[in-house]
Amino acid sequence: EDLGAVAVQVREHAGRNPNAVMRRKLTIEDYMASRYIVRPLHLFDICIVNDGAVCLIVSRAELAARGARPPVLVAGWGEARVKADKMDVMVRQGLRPVIAEAGRQALDMAQVSLDDIGHFGGYDPSTMQLVNQVEGYGFVPAGSGVAFCQAGGMDIDGRLPTNTEGGNLSGSYMQGWSQEVQTVGQLRGEAGPRQVAGLDVAMTSLAQTDQAHPIIYVRGE
């Protein structure tokens, strides 16, 4: 039931997204009544399956500055993989040490801190994977990610608005690329009812199997 709060929150975001696949309101009662896929994960803990497409256009900063829309700049990125003790790191520790190392690289390159991040787009093949990333990057202490979500921390007006387009759980399964597009839209102020106010710095994260790849974006002038 606690973990169901994550599925409900991400579905709430998807309900504000006209392009989301799953927009019908999800209640905790709906979640609890759904079948188990792999205990303790229910149906709504697992990402959806759909067809679709995503397009990102990348150019030099000076060219982007001439465009009709505010430029969004790639400020930093990181990459880390499990090198040993895979069962321990991937399963028992939820990949968090790898996520932490990749996040440190990205923050150092971008010269920002976690406190500067105003929006997070995490790869969410499951609710637990999303929680592991919020904890792994250090936004909240290990073991407190679910409570953080329950308290509204991942909502539009929360401390860390997360997967505001609905993520892979409810928006669309685009191998994590939809989070990149949403982040660009957020930094341009084009997210409509999902818009995070005053956003200047955002992070996305592709963390899957045995590796993590965060990107930090900033709003350009």
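Here's what I pulled together on the structure shown here. (Residues numbered from 1 in each chain as written. Predicted model: local features only at pLDDT ≥ 70, side-chain atom pairs only at ≥ 80, totals over all residues. Heavy atoms only, no water.)

## Describing the pattern of salt bridges
- As enumerated under the stated definition, the model contains 10 salt bridges in all.
- For Arg69, the salt bridge identified is with Glu190, shortest N-O distance 3.7 Å. Here the residue Arg69 occupies a position in the loop between α3 (61-64) and β3 (72-77), and Glu190 occupies one in the loop between α9 (177-188) and β6 (201-208), the gap between them amounting to 121 residues.
- Overall, Glu190 belongs to the partly exposed group, its relative accessible area being 40%. (Salt bridge = Lys/Arg side-chain N within 4 Å of Asp/Glu carboxyl O. Helix = DSSP H or I, 4+ residues; strand = E, 2+ residues; numbered from the N terminus. Buried < 20%, exposed > 50% of the residue type's maximum accessible area, 1.4 Å probe, protein only.)

## Considering the side chain of Ser205
- Tracing the backbone shows Ser205 in strand β6.
- Judged by its relative accessible area of 4%, Ser205 is buried.
- Among the polar contacts made by the side chain of Ser205, one reaches the side chain of Gln133 at a distance of 2.7 Å.
- Excluding residues that lie within four positions of it along the chain, Ser205 makes contacts with Phe120, Gly121, Gly122, Tyr123, Gln133, Tyr137, His213 and Pro214. (Polar contact = N/O pair within 3.5 Å; in protein donor to acceptor, adjacent residues only side chain to side chain. Contact = heavy atoms within 4.5 Å.)

## Let's talk about the environment of Arg188
- With respect to the helices and strands, the residue Arg188 is situated in helix α9.
- A sequence separation of 17 residues divides Arg188 from Ser205, and the C-alpha atoms of the two residues are 19 Å apart.
- Sequence-distant contacts of Arg188, that is, excluding residues within four places in its chain, are made with Arg69, Pro70, Val72 and Arg219.
- Among the polar contacts listed, one links the side chain of Arg188 to the backbone oxygen of Pro70, at a separation of 3.0 Å.

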